[in-house]
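Residues per chain are reported as follows:
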Amino acid sequence: MTQDEKKRAVAHAAVEYALEHLDADSIVGVGTGSTVNYFIDALADKKQLFEGAVSSSDASTERLKKHGIDVYDLNEVSSFDIYVDGADEITEHMHMIKGGGAALTREKIVAAVAKTFVCIVDDSKVVPVLGKYPLPVEVIPLARSYVAREIVKLGGDPVYREGCITDNGNVILDVHNLTILEPSKLESEINQITGVVTNGIFARRAADVALVADENGVQRLNSN
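Every value quoted in this text rests on a predicted model; they were computed, and no experiment measured them. (Residues numbered from 1 in each chain as written. Predicted model: local features only at pLDDT ≥ 70, side-chain atom pairs only at ≥ 80, totals over all residues. Heavy atoms only, no water.)

**Description of the pairing of strand β3 (residues 80-85)**
Of all six residues making up β3, five are buried, and the element is well covered by its neighbours. Where strand β1 (residues 27-30) lies against β3, three bridges are found, and the strand directions are parallel. In the strand pairing of β3, V30 is matched with V84. Note that β3 and strand β6 (residues 114-122) share five bridges and pair parallel. (Buried < 20%, exposed > 50% of the residue type's maximum accessible area, 1.4 Å probe, protein only. Helix = DSSP H or I, 4+ residues; strand = E, 2+ residues; numbered from the N terminus. Pairing = 2+ DSSP bridges.)

**Notes on the side chain of E187**
On the secondary structure map, E187 appears in helix α6 (residues 183-191). The class of E187 is buried, set by a relative accessible area of 3%. Sequence-distant contacts of E187, defined by excluding residues within four places in its chain, comprise K108, N199, I201, F202, A203 and R204. (Contact = heavy atoms within 4.5 Å.)

**A word on the pattern of salt bridges**
One side chain can pair with another of opposite charge once the charged atoms of both are near each other. Per the stated rule, a full pass over the model turns up 13 salt bridges. Residues R106 and D58 are paired through a salt bridge, measuring 3.3 Å at the closest nitrogen-oxygen approach. Residue R106 is found in helix α4 (residues 104-113), and its partner D58 is found in helix α3 (residues 58-66); the two are separated by 48 residues along the sequence. Residue class for D58 comes out partly exposed when judged on its relative accessible area of 44%. Here R205 and D208 are joined by a salt bridge, their closest N and O atoms 2.8 Å apart. You can call D208 partly exposed: its relative accessible area is 24%. Several salt bridges converge on common partners, so that one network encompasses K6, D123 and E215. (Salt bridge = Lys/Arg side-chain N within 4 Å of Asp/Glu carboxyl O.)

Here it is as structure tokens:
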């Protein structure tokens, strides 16, 4: 299968998984990115089976609404069962790097509210150790240079993502040359830097389930 075929296959598997846990009054959490776009498109065919969605980005909100799916403000929703999102990297421990699409802060917030986080990826995203993919860090614009200097002290090589403004009006530093052996620890350390909104390590709130598309179909991995 091509990578796009894998993305489409895992997106359809995620719809089937989600529908096992949803009913007519349910809200589904929807992430951001190319694989999630396939999920949204597949979900549209089943929109009569659930109430609506909460979204982690303006782009996903627009796509959901184009399909006629009601999108709720997260502040209106106290909890929901399923959040489906992709990842740039994921380990067997369900720790992830996310934020290639610059939606990491809203993704982390929506994931925090969800009872179950379902990560959908193709097999190229499964890694033994996080860090080959540059780690996105969302930063208040005023603090960009200061945060970059502090990240260098942690061993990273931060690069300003030119021309990228997040949905929250902030900027992104992509941190290269990290080998992330203790994801939860580094997630907390970077978040403690003044001016950081959040970073793209999802370890403190890891995935509960990973659906991984490979040449043999879609495999389901569960957290230990």
